[in-house]
Amino acid sequence: MPKRGKAPSRPHTPPPGTENDEAAAPAHGEEGEMGTYKCCIFFTRRFAAGDASAPEDVRALFSRYSGGAPYMAAEDLRRYLAASGGAGAGHGDGEDAEQIVERVLQERSRTPRFGKPSLTVDDFRHLLFSEDLNPPIRLSKVHQDMNAPLSHYFIYTGHNSYLTGNQLSSDCSDVPIIKALQLGVRVIELDIWPNSSKDDIDVLHGRTLTAPVSLIKCLRSIKEYAFVASPYPVIITLEDHLTPDLQAIVAKMVLEVFGDILYYPESKHLQEFPSPEALRGRIILSTKPPKEYLEAKDSSSMKERDVEPQFKKGESEEAAWGTEVPDIQDEMQVANKNDDDLLYRERDVGEDNEQKMCKHVAAEYKHLITIKAGKPKGALVDALKSDPEKVRRLSLSEQELAKVATRHGPNIVSFTQRNMLRIYPKGTRFNSSNYNPFLGWVHGAQMVAFNMQGYGRALWLMQGFYKANGGCGYVKKPDFLMQTCPDGKVFDPKADLPVKITLKVKVYVGEGWQRDFDKTHFDSYSPPDFYAKVGIAGVPLDSVMRKTKVVEDNWVPVWEEEFIFPLTVPEIAVLRVEVHEQDVSEDDFGGQTALPVAELRPGIRAVPLFDHKGLKFRNVKLLMRFEFV
C-alpha cells in the first residue's frame, strides 16, 4: 500500500556470530504473524497473517519422495538428497539423513516426538529453507585445479587497500586491509612513500589529504591475517615512490616480517608464473610504476569531458553507491569517442627517464619482486605483445581497457594467457566507487582491482563472483579464454555467440525481515510491500534484470514467479538478486545477493541475503529454484 510515513530506521541484526540466538528472537511475532499498527492516537490497524505454508512445488516434491504419505522417513529423505545433490556438506547416506531429520525436528519443536522420526511437509519446507542444509551454491571447498600458472586464474584484487573511505581525505589504516583478507581478497595494494623525516616508509595516497599509516604495521597485519580465509598466496602490489636507500629498508623489512613465507624466484625473469598450489601459504611481491598514479591523477591518458561527474546536484554519496552497473558496451562506446590516437601514440613522454631511474633500484629490493610490472615504451597496443622469454604484469585503467577492447579485444585475451593484466579504477572515482568488472573478466584480466572499502552493485558482483571455488580468492579462467586455435586465433569478446545453456529461476517466497528489522523500519503504518529483482550480470548479451510483482502488506511475501535467462557465456555469469520495499518516494532496500551461475545447485534452495555493505543478514532469505535446460 502507499506509504504514509516512516519511523527512524533501526539497523538490522548484525551478521551471524555477533549475537546469540536469543538476541535474534523476533521482536514482533513469529513468521506469518503480521500484528497491529497504530495509525493515530485512537485508531489501530490489524493485518492478517501472511501465507507461510509450503509452496505447491515443495508439496509435490514431498509427495513424490514420501510416496504420497503424510510423513517423509529418513530413507525417503536419503533418496531425495541423493537425487538433488545432497545437503550442506555432503549429506546423502542413510545415517546422515537420520541426523538431518533429528536436527530439523529439534529446530522445529522442543516437544519430543515419539515413534520413528519423520518429517511433515512443513518440516520439509523448513529443511529446504535452511542455508546450512540446503545452500544455493556448491560445497564451500576448493574444487578447481590449482596447479596451473597464476595467469590462468581470476584473482580477488583490491585497489588502494589501505584507505578507509574516499580517495582524497580518508584515513589510511591496516583495518581495511584486515577486512579485505578476511573476505578472501588475495591482492593487497600499498602505495609506499618516504615519511616526513625521509628515514622511514609510510603508506598513503600521495598528494592527497589522506593521513598515513606505517608500512611495518600494514605488513605485520598482512602476515597475521593473510591466510584466515584462504590458504592460497597473497600478492602485495607495491606502488613505489622511494629512493634506493629506502627501498633497501623495505627489503629488510619484508624479509624480517615474512621470513620463510616470502616467495621470490632465483632467476631474474620468470618464463611462467608459479601455480597457486605451489605458492600455498606464501606471500609474493609485485610492483607497478609510480607514473601510473600520476596518470590517474591528471587523466592525461584519457580526456574525461564526456564522463558524467560522480555526484549529481543534490545526490548523496550513499545514493551514488546504489547506481546501476554500467553496460560494458556503453563504456566501450564512450571510450571509443575519445582520443583516437591513444592506442598508437607514445604512452609516456618521460619513459626514458623512468628507465634510467630503474637502473638505480636497490638490488636487494629488486631481487624480492616475483611479478614484475611496467609500462613498456611505445604505443598502448604494443604493450600487449608477449615476450616468449619472460612473463610480466601490465596495468591499464578501466578507460584504457575500454578503449583497447573496442578494436583489439583478441590481443588482450592473447596477452592474458601467459601474462598478468591488472585493471584499476579511473582517477575521478574520488568516492571510491567501482566499475563493471566484466569488461576485464571477459578479456581474461586476472587482477580487476576494486575499492573494497565501499559498497554498491558493482562490488556486490565482485563479492558474488568470488564465492566460486570455495571462496578461496582464485577462480580458474574458463577454457575458451585460454585456448588458441591452430590458425592462431583466440576468443573474440565482441563476437556473436550462440546460447550455450538456459537458466530458469523461480522465486517462491521470502522471510526473516520481521526478525532482523524493527516492526516500523519499512513503514510506520503497515507491513512492507516487497518485490524482488532477479537478473544476470555478464557479457552484454546475457545481462538483464527482471522484476516480480509487489506483494503488499506482508512480512512473508509469496511471489511464485519464474524467469528464464538464455546464456551465451555462463562460465563467468553471475546471478543477481535484490529485494526492495515499494514506497511512494524512494523504494527501501531489503537485501541482495550475487551468486556465480556456474556454481548454482539445481533444485529448490535457500538463498540468504546480504545488506548493502555485503554483510549477511541473520535471518533474511529467499526460497528459490534453479534449473538448467
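Rules of the game
Residues numbered from 1 in each chain as written. Predicted model: local features only at pLDDT ≥ 70, side-chain atom pairs only at ≥ 80, totals over all residues. Heavy atoms only, no water. Salt bridge = Lys/Arg side-chain N within 4 Å of Asp/Glu carboxyl O. Helix = DSSP H or I, 4+ residues; strand = E, 2+ residues; numbered from the N terminus. Buried < 20%, exposed > 50% of the residue type's maximum accessible area, 1.4 Å probe, protein only. Polar contact = N/O pair within 3.5 Å; in protein donor to acceptor, adjacent residues only side chain to side chain. Axes fitted to C-alpha atoms, helices over the stretch in contact; angles between N-to-C directions. Parallel < 35°, antiparallel > 145°, perpendicular 65-115°, else oblique. Left-handed = near helix turned anticlockwise from the far one by under 90°. Contact = heavy atoms within 4.5 Å. Nonpolar A, V, L, I, M, F, W, Y, C, P; charged D, E, K, R; others polar.

Looking at the pattern of salt bridges
Applying the stated criterion to the full structure yields 20 salt bridges. Two residues, K506 and D57, come together in a salt bridge whose shortest N-O distance is 3.1 Å. Note that K506 is positioned in strand β17 (residues 501-511) and D57 in helix α1 (residues 56-66), a separation of 449 residues in sequence. A relative accessible area of 14% means that K506 is categorised as buried. The partner of R125 in a salt bridge is E511, and the shortest N-O contact between them spans 3.3 Å. Here E511 lies in strand β17 and R125 lies in helix α4 (residues 121-128), a separation of 386 residues in the sequence. Each member of the pair, R125 together with E511, is buried. Beyond isolated ion pairs, a larger network of salt bridges with shared partners links D57, K506, E560, E562 and R625.

Considering the side chain of D529
As for its placement among the helices and strands, D529 is situated in the loop between α16 (513-516) and β18 (530-537). When its relative accessible area of 0% is taken as the criterion, D529 is described as buried. There is a polar contact of 2.7 Å between the side chain of D529 and the backbone nitrogen of D553.

Observations regarding the packing of α1 against α4
Between two packed helices, what matters for the description is the angle formed by their axes and the separation of those axes. Axis separation between α1 and α4 bottoms out at 10 Å; the angle between their running directions is 110°. By the angle class used here, α1 and α4 are roughly perpendicular. Seen along the crossing, α1 lies across α4 with a hand that is right-handed. Note on element contacts: α4 touches α1 through V121, F124, R125 and L128, opposite V58, R59, L61 and F62. Residue classes in the contact of α1 with α4 are distributed as six nonpolar, no polar and two charged.

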